[in-house]
Amino acid sequence: MSALTQLDQIVSCLSGYDPDALRVSKAIEVIEALCAPREIDWAVERVPVRAALGRVLAKDLVSPINVPSHDNAAMDGYAFDGGCIAGAGETLSFTVKGEAFAGRQFNGHCEPGHCVRVMTGAVMPSGCDTVIPQEFTERDGQTIRFLSKAVRRGDNRRLMGEDLTQGKPALSAGRIIRPADLGLAASLGFSELGVRRRVRVAFFSTGDELRSVGEALDPGCVYDSNRYTLFGMLARLGVDVVDMGVVPDQPELLEAAFRQAASSADAIVTSGGVSVGEADFIKTMMAKLGDVTFWRIAMRPGRPMAFGRIWSGARVGEGDSAVLFGLPGNPVAVMVTFYLFVRPGLLSMMGAKGEGGVVMQAVSDEEIPKRAGRTEYRRGVLFVDAKGETRVRTTGGQGSGILRSMSDANCLVMLDHDASLVAKGDRVSVIPFDGLV
Ligand code: AMP
Ligand code: MG
C-alpha cells in the first residue's frame, strides 16, 4: 500500500465516516489504524530489569523455572500427611520429628503419625501435604495436639509453580512494565529484559500571541502553557520528547518546523492553528507536506483537529515521515484531545497492548447541561460519599481555556454522544486520571 493513500484506505473501510461531524470512536479507529507499528519500528533493546520500568516488553517473557520451585509451607506450623484427617476422631496428635526453615529443608521422610515443625516458605517435607498453623496446636514435649476440624487436607501449602509455571509466558509482549512486573521478572532470575525502542515525539506550539516562560508578557499575549501539559503527558507515556518551542503563525516558519519534526521524530504533536479562521493556510501547507485530514469532531471541548502523516523531503513520500496530531489551541482541549486521541495513537505505535484505561460509573452530584449529537467531557472530582456510593461533581467553570478545571479534577466525566441533560442523581461514565495522567 502506498503511504500516500494509507489514510484514504483506512477511512474508506469505515462506515459512517464524516470528517465534518466525526464521532470520537471513529476518530480513534482511524488513528489506531494509521499508528499501527511498522516492522522497521520493532527494534528491541536489552536493558537491566529496573530500567525496563514503563517500557514496552518486546517479546513474551517465558518462565524458565517454576515459582515456587517446590511445594512449600504457607504458614508457621507443623507439616504432616493429611490423609489421616478424614475419619479421625475429635483430636489428632503427632510426634514432632524435625524442623524445616525457609532455605533449610528436612532431609528425611515423614512417616504417618509424625510431623515436622515448619516455618513459612520451608520446602514441604517428603510425605507431607498439609500444614496445621502453630496457633491451633498445643505442644507437650515432642507431641502436638489439635482439633481435627481445624484443618483440611492440603491446607496452608503453596504448590510448586502456582505463581509462575515453567515454559508458560509470565508476561506478554506489549505489556508496559510496572513495579509488580519488575519483581516478577526478578523472581524468575532475569537480570535484563527486551523492550521496544522508545517512540520519539516532537512537539511545538503555534500562535503569534504566545510567549515562553521567562519572556516579558506583551499586551494581548499569553504564556505558552500547552508545551508544559504536553511535556507532562508525553513524559508519563514514556516516549522520548523533542521540545521545538513556539512557532509563530507564519507559513515559511511553520513549514520548516514541520519538516524538521518529520525528519527527527516518529510523531508530531502541535497545538493551535487548526480552528476555522486559521486552518486555511495550514491546509494548503499540509497538502504540500503529506497526507493530512482536517476533522471536526462531534465533541466538546476540542472540535477541530488535524491528523495524518507528513514527510520531511521536498516532495510528499520523500525523506522521513512522522504521524501528525494537530490539536486545538485551547489548553483544556489540548489535554482532552491528547488523552482521547494522541494517547491511543502513541500506545499503538509503541506496540503497547491492554492499556485501554478504565471507564467507571458514578452518580452525578449535580445537573449537567448537555447537547445531544456530540460527546462532551467535563472535568470532575470522583469521590466516595458517607454511604459508600461513588459520586462525581464537576470542577467549576468548564470553558476550554480554563486549565484550572483540569488541574482540580481527578477524572473526566464522559457524556455520551446521544445523551441530553444529565439530572442530579443520574449515572454517568467517568474516566479516572489515575493510571492515565
Ligand atoms: P487556536 O486554536 O490557535 O485558535 O487557539 C485557541 C485559543 O487557545 C487562543 O485563545 C489561544 O491563545 C490559546 N492558545 C493557543 N495555544 C496556546 C498555548 N500553547 N498555550 C496557552 N494558550 C494557547
Ligand atoms: Mg492560534
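A few words now on the sheet that holds strand 5 (residues 91-100). Pairing in this open sheet of 6 strands is mixed, and the strands run 7-4-6-5-9-8 from one edge to the other. Two strands lie at the open edges of the sheet, namely strand 7 (130-133) and strand 8 (138-140), each paired on one side alone. Each neighbouring strand pair of the sheet contributes to a mean axis angle of 40°, computed without reference to strand direction. Of the pairings in the sheet, the one linking strand 4 (residues 77-80) to strand 7 comprises 4 bridges and is antiparallel in character. Within strand 7, the position partnered with G77 by the bridge is P133.

Relative to strand 9 (residues 143-147), strand 5 runs antiparallel, the two being bridged by 5 bridges. Residue pairing in the sheet places L92 in a bridge with F146 of strand 9.

The full set close to ligand 1 counts 15 residues, and E209, D224, G273, E278 and G329 are the nearest of them. Interatomic distance of 2.6 Å between a side-chain N/O atom of E209 and an oxygen atom of ligand 1. G273 places a polar main-chain atom, nitrogen or oxygen, 3.0 Å from an oxygen atom of ligand 1. Across the complex, the protein chains shield 79% of the 490 Å² of accessible surface that ligand 1 would expose by itself. Residue classes in the shell around ligand 1 are distributed as 3 nonpolar, 9 polar and 3 charged.

With that settled, consider the packing of helix 4 (residues 226-237) against helix 7 (residues 331-350). Contact pair helix 4 / helix 7: the axes reach a minimum separation of 11 Å and the direction vectors enclose 30°. Relative to helix 7, helix 4 is oriented roughly parallel. In the crossing of helix 4 with helix 7, the sense of the turn from one axis to the other is right-handed. Of the residues in helix 7, those touching helix 4 at N226, T229, L230, M233, L234 and L237 are P331, V334, M335, F338, Y339, R343, L346, L347 and M350. Considering only residue class, the contact of helix 4 with helix 7 consists of 12 nonpolar, 2 polar and 1 charged.

This paragraph deals with the sheet that holds strand 17 (residues 267-271). As summarised here, the arrangement of the 6 strands in space is 16-13-17-21-20-18, forming an open sheet in which the pairing is mixed. Lying at the two open borders of the sheet, with one neighbouring strand each, are strand 16 (240-247) and strand 18 (290-296). Each strand of the sheet is rotated relative to its neighbour by a mean of 15°, with strand direction disregarded. Two strands pair when backbone bridges link them, and strand 13 (residues 200-206) and strand 16 are joined in this way by 6 bridges, in the parallel orientation. Across the sheet, A202 pairs through a bridge with V242, a residue of strand 16. Along the sheet face, helix 6 (residues 276-289) touches strand 18, strand 20 (304-311) and strand 21 (321-327) and points at about 155° away from the line of strand 18.

A few words on the pattern of salt bridges. When charged atoms on two side chains of opposite charge get close, those side chains can pair. Considering all chains together, one arrives at 23 salt bridges under this definition. For D181, the salt bridge is made with R175, and the minimal N-O distance between the two is 2.9 Å. In this structure D181 comes out as buried when scored by relative accessible area, which is 3%. R175 gets classed as partly exposed once you look at its relative accessible area, which sits at 29%. Between E389 and R391 there is a salt bridge, with the nearest N and O atoms lying 3.5 Å from each other. Taking the relative accessible area as the measure of exposure, R391 reaches 16% and is therefore buried.

What follows concerns a positive patch on the surface. Among the surface-exposed residues, K283, R296, R300, R303 and R371 lie close enough to one another that they form a single positively charged patch. Residue position: R296 is located in strand 18.

Look at helix 4: 16 Å from first C-alpha to last across 12 residues, which is about the 16 Å you get at 1.5 Å a residue. Among all positions of helix 4, only N226, R227, T229, L230, M233, L234 and L237 are buried. Taken down its axis, helix 4 places every buried residue within 160° of arc, on the same side. For helix 4, the secondary structure elements touched by its buried residues are strand 13, strand 16, strand 17, strand 21 and helix 7. Just downstream of helix 4, G238 is the residue with a positive phi angle, here 80°.

Take the nonpolar core next. Grouped together as the largest cluster of nonpolar side chains are 52 residues, with contacts concentrated most on F307, F325, L327, F338, F341 and L346. The greatest single-element share of this core, amounting to 13 residues, is contributed by helix 7. In terms of nonpolar packing, the next biggest core, distinct from the first, is built from 23 residues, A262, I268, M286 and I310 among them.

Parameters and conventions
Residues numbered from 1 in each chain as written. Chains lettered and ligands numbered in written order. Predicted model: local features only at pLDDT ≥ 70, side-chain atom pairs only at ≥ 80, totals over all residues. Heavy atoms only, no water. Pairing = 2+ DSSP bridges. Helix = DSSP H or I, 4+ residues; strand = E, 2+ residues; numbered from the N terminus. Axes fitted to C-alpha atoms, helices over the stretch in contact; angles between N-to-C directions. Near = heavy atom within 4 Å. Polar contact = N/O pair within 3.5 Å; in protein donor to acceptor, adjacent residues only side chain to side chain. Areas by Shrake-Rupley, 256 points an atom, 1.4 Å probe, with all protein chains shown as cover. Nonpolar A, V, L, I, M, F, W, Y, C, P; charged D, E, K, R; others polar. Parallel < 35°, antiparallel > 145°, perpendicular 65-115°, else oblique. Left-handed = near helix turned anticlockwise from the far one by under 90°. Contact = heavy atoms within 4.5 Å. Salt bridge = Lys/Arg side-chain N within 4 Å of Asp/Glu carboxyl O. Buried < 20%, exposed > 50% of the residue type's maximum accessible area, 1.4 Å probe, protein only. Patch = residues over 30% accessible without salt bridge, like charges linked within 9 Å, V, L, I, M, F, W, Y side chains within 5 Å. Lys, Arg positive; Asp, Glu negative; His and termini not counted. Charge placed at Lys NZ, Arg CZ, Asp CG, Glu CD. Expected span 1.5 Å × (residues − 1). Arc of directions from axis to C-beta. Core = buried A, V, L, I, M, F, W, Y, C linked by side-chain atoms within 4.5 Å.

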